[in-house]
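Each chain is listed here by its residues.
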Amino acid sequence: MFSRIQSTLSRVALIKQIAVGLIIGVLIAIFAPGAIPAVSILGDLFVKALKGIAPVLVFFLVMNAMAQRKENAEGSMKPIIVLYAVSTFCASLVGVGMTFLFPTSLVLQVAPETKLAPPSGIVQVLHNLILSVVDNPVAAIMNANYIGILAWAIIFGIAMKSCASGTTKTCLNDISEAITKVVTWVIHCAPFGIMGLVADSVGTAGIGALLGYVQLLAVLVASYFLVALVMNPAIVFSRIHMNPYPLVFSTLRESGVYAFFTRSSAANIPVNLSLCRRLGLNPDLFTISIPLGATINMAGASITISVLSLAAAHTLGIAIDLPTAFLLCIVSTIGACGTSGVAGGSLLLIPVACASFGIGNDISMQVVGVGFIISVLEDACETALNSSSDVLFTATAEFAERRKEGILRKEDLIPKHDED
């Protein structure tokens, strides 16, 4: 019976399961409030599972990425990587700016005895960051100190790159894939967890609790559209000195739409490779830059991390000054580049940014739960932005070189149709 249920669920997209869980949670809160204590246990279990696996996931993914890093990238790859980094950082600036313009409050459970220690400014934030970096690595994982986890993972990864044998690196890669598989299993429990989280939120704060989610989702989606239709075209125009929108619309239509429904940059790699080929790009470059972009080109993830982190700070009454917000952009950019490839992976990096504000793991993981509630639309839009910009900036780097050589034509910005 269980295998039959599992087989049935596997044929239904996770995004649809999450939507059903959200609706059921609202219905339980409205029509069966007596069931809320029992149903809310599912939400608590989901958040607890995320809290348990997230530190281990971040540690091994980052360490493996550093250990497996290749040194054979050609010089012509540098412009693409620079575009990836600049766009991700600028996207976090857009997210921060939108959050300052439209501050959002969330419904979070803060224990009465919880004492928040908001930073007084950028100096205290830097002080906290430095102390977190040198924390004991085992204690960092146990206590979910994500700043320390990132620092030690990078250090161990660099050391293993130069010292570890090929067998050891293969073993490390297998461990990373196994942990990612475990995270995938946890994510597949999201419909039940979201049902419990929504039922508890609506039952406690009323239907008005969802209005905060609507505003949060609106800020996120507006930020994605600003980046896709304003910021990215501006970056492309600065490099090719030509109307960028034919290329922008082509990548959004042929890559972004597909990524919107798959919600996976990795699954969209074949689509992006085909699009690069039809744009007439150099296969020696795009066969490297597209898979690389699926890992480090995460403008949408940087927006998600920065917006949700600032929403948590606003909810808790933590005042964020401009230098601290700028530091958040840097943290969001670095964190986004380490985002897991699974659906909703960017949400697991939110505690990294929250830690900069002195927000504890218990509260930051509640913010992650809020992220999963709105992930039905949020993660789809985020992935569409991330994946389409992989092709956009790969093409931009090559077209910029053609412009310098005087051989770039307007028709080059429009992909050719397959002749097969």
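Peer 1: How should I be thinking about the confidence of the model for the protein in this particular structure?
Peer 2: Caution is warranted with low-pLDDT regions, since their predicted coordinates should not be read in detail. In the predicted model, the protein carries a mean pLDDT of 78, and 82% of its residues have values of at least 70. Per-residue pLDDT, averaged within each element of the protein, yields its smallest value for helix α1 (residues 2-10) (57) and its largest for helix α4 (residues 78-101) (90).

Peer 1: Just checking my understanding: could you explain the side chain of Thr88 for this structure?
Peer 2: The topology assignment puts Thr88 in helix α4. A distance of 2.8 Å separates a polar side-chain atom of Thr88 from the backbone oxygen of Tyr84. If we ignore the near neighbours within four places in the chain, the residues touching Thr88 are Ile296, Asn297, Met298, Ala299, Ser302, Thr333 and Ala336.

Peer 1: Would you explain helix α12 (residues 269-278) in this entry?
Peer 2: For the α-helix, the turn length of 3.6 residues means that residues three or four positions removed from each other point alike. All of the buried residues in α12 are Ile269, Asn272, Leu275, Cys276 and Arg278. Looking one or two residues past α12, Gly280 carries a phi angle of roughly 75°, positive in sign.

Peer 1: When you look at the pattern of salt bridges in this model, what are you seeing that I'm missing?
Peer 2: A side chain of one charge can pair with a side chain of the opposite charge if their charged atoms are brought near each other. For the structure on display, the rule yields five salt bridges. In this structure, Glu254 engages Arg278 in a salt bridge whose closest nitrogen and oxygen atoms are separated by 2.2 Å. Linking Glu254 in helix α11 (residues 245-262) with Arg278 in helix α12, this pair joins segments that are 24 residues apart in sequence. Given the relative accessible area of 23%, Glu254 is considered partly exposed. Residue class for Arg278 comes out buried when judged on its relative accessible area of 14%. The partner of Arg409 in a salt bridge is Glu411, and the shortest N-O contact between them spans 3.7 Å. Overall, the relative accessible area of 46% leaves Arg409 in the partly exposed class. The class of Glu411 is partly exposed, set by a relative accessible area of 42%. One continuous salt-bridge network, built from bridges that share partners, spans Arg253, Glu254 and Arg278.

Rules used throughout
Each chain carries its own residue numbering, running from 1 in the direction its sequence is written. Reporting of local features is limited, given that this is a predicted model, to residues whose pLDDT is at least 70; pairs of side-chain atoms are given and counted only at 80 or more, and all residues count toward the totals for whole chains, interfaces and linings. With hydrogens and water set aside, each side-chain value is computed from the structure's full complement of heavy atoms. For every residue, the predictor assigns a confidence score, pLDDT, that lies between 0 and 100. In this text, helices come from DSSP runs of H or I with a minimum length of four residues, and strands from runs of E with a minimum of two, each type numbered from the N-terminal end. In protein, a polar contact means a hydrogen-donor-capable atom and an acceptor-capable atom, both N or O and within 3.5 Å, with residues adjacent in sequence counting only if both atoms are side-chain atoms; elsewhere, any N or O pair within 3.5 Å suffices. Throughout, a residue-residue contact means that at least one pair of heavy atoms, one from each residue, lies within 4.5 Å. For every residue, the accessible area (1.4 Å probe, protein chains only) is compared with the maximum for its type, and the residue is labelled buried under 20%, exposed over 50%, or partly exposed between those bounds. Salt bridges are defined as contacts in which a side-chain nitrogen from Lys or Arg sits within 4 Å of a carboxyl oxygen from Asp or Glu.

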